Amino acid sequence: MTDDLDRVRDHYRATGLTERLKTALVVLGPEEQRLKPEQLATLDQFHTRGLAATAELAKLAGITAGMSVLDVGSGVGGPARFLAATCGCEVTGVDLSEPFVEAATYLTERTGQGGQVSFKAGSALALPFDDGGFDVVLLQHVAMNIADRPLLYREIRRMLKPGGKFATFDVVLNGGDPHYPVPWAKTPGESFLLSATATCEAIEAAGFRTLVQQDDTAEAKTWFAALRASGPPPLLNLGVVMGPGFADFAANLGRNLMEGRLGVLSAVFEAAPVKS
């Protein structure tokens, strides 16, 4: 397990990330200028369909004002900031990459949301929080990096209050071996994909019951086609975070979706009562 985590940590090492972000954000104004979460959406939403997918998942999960939300694999904090701003919830993010956590904290200071949104470095397989502290747990485009799915989903179950919701939005195997590199893995050795069916079975086995399960592959294909047709990416894009090769990784994800090798799953689960 340690070797797997080390490979994933290396993939998201992002040396000098906060300084790169400071440089890139000059296009939005001086350092002291407060930013809106939506202004950062092209560089802080690390998943297919970006901001729209985050908004849809929040709606499926029923996130409302006053809820306590945990974003596992929070990246540089885009979904956390957006949910806090639009739903009025309190969001805690946790990520394996310390540079991502540092960058997420910096961007949250720029949006003035430090009282509502916070971040912590930690593993999804040993979440650094007490049991039952959250109303909702989000997992967006994270599970494909984790080999021990049973442990992952048990940890998420441990985080939830009775009746709490777990909302996941992830890439899944659909048919055939994927082309690499992709955004979450340069080689197959860093990628641990399951089918949609196997994913939901593993989640239910960890103590959940399914509330919503939907195939978002068609929407993802449409989104990628629109990206290709729109020309060069904006100045603030995921390449600022992940490096100049990221565009090729993303193109491979689109190719895998178009060829039917991969799919996209959205699902919401309810924490089942713990058996005594």
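Look up a bit, the structure's there.
Residues numbered from 1 in each chain as written. Predicted model: local features only at pLDDT ≥ 70, side-chain atom pairs only at ≥ 80, totals over all residues. Heavy atoms only, no water.

It is not clear to me how the overall build of the protein should be interpreted in this structure. Could you clarify?
Each helix and strand counted, the protein has 11 helices and 7 strands in total. Here the protein has a C-alpha radius of gyration of 18 Å; the compact-globule value for 276 residues is 19 Å, and the two agree. A buried classification covers 52% of the 276 residues belonging to the protein. Pairs at least 24 residues apart make up 80% of the contacts formed inside the protein by residues separated by at least 6 positions. Accessible area for the protein stands at about 12,000 Å²; split by element, carbon and sulfur atoms hold 55% of it. Computed over 25 positive and 32 negative side-chain charges, the separation of the two mean positions in the protein equals 2 Å. (Helix = DSSP H or I, 4+ residues; strand = E, 2+ residues; numbered from the N terminus. Rg over C-alpha atoms; globule rule 2.2 N^0.38 Å. Buried < 20%, exposed > 50% of the residue type's maximum accessible area, 1.4 Å probe, protein only. Contact = heavy atoms within 4.5 Å. Areas by Shrake-Rupley, 256 points an atom, 1.4 Å probe, with all protein chains shown as cover. Lys, Arg positive; Asp, Glu negative; His and termini not counted. Charge placed at Lys NZ, Arg CZ, Asp CG, Glu CD.)

Looking at this structure, how should I read the side chain of His 179?
By the secondary structure assignment, His 179 is in the loop between β5 (160-173) and α8 (196-205). Within the structure, His 179 has its side chain in polar contact with the side chain of Arg 261 (distance 3.1 Å). Apart from the residues within four sequence positions on either side, His 179 is in contact with Asn 252, Arg 255, Asn 256, Glu 259 and Arg 261. (Polar contact = N/O pair within 3.5 Å; in protein donor to acceptor, adjacent residues only side chain to side chain.)

Coordinates in, geometry out; function isn't part of it.
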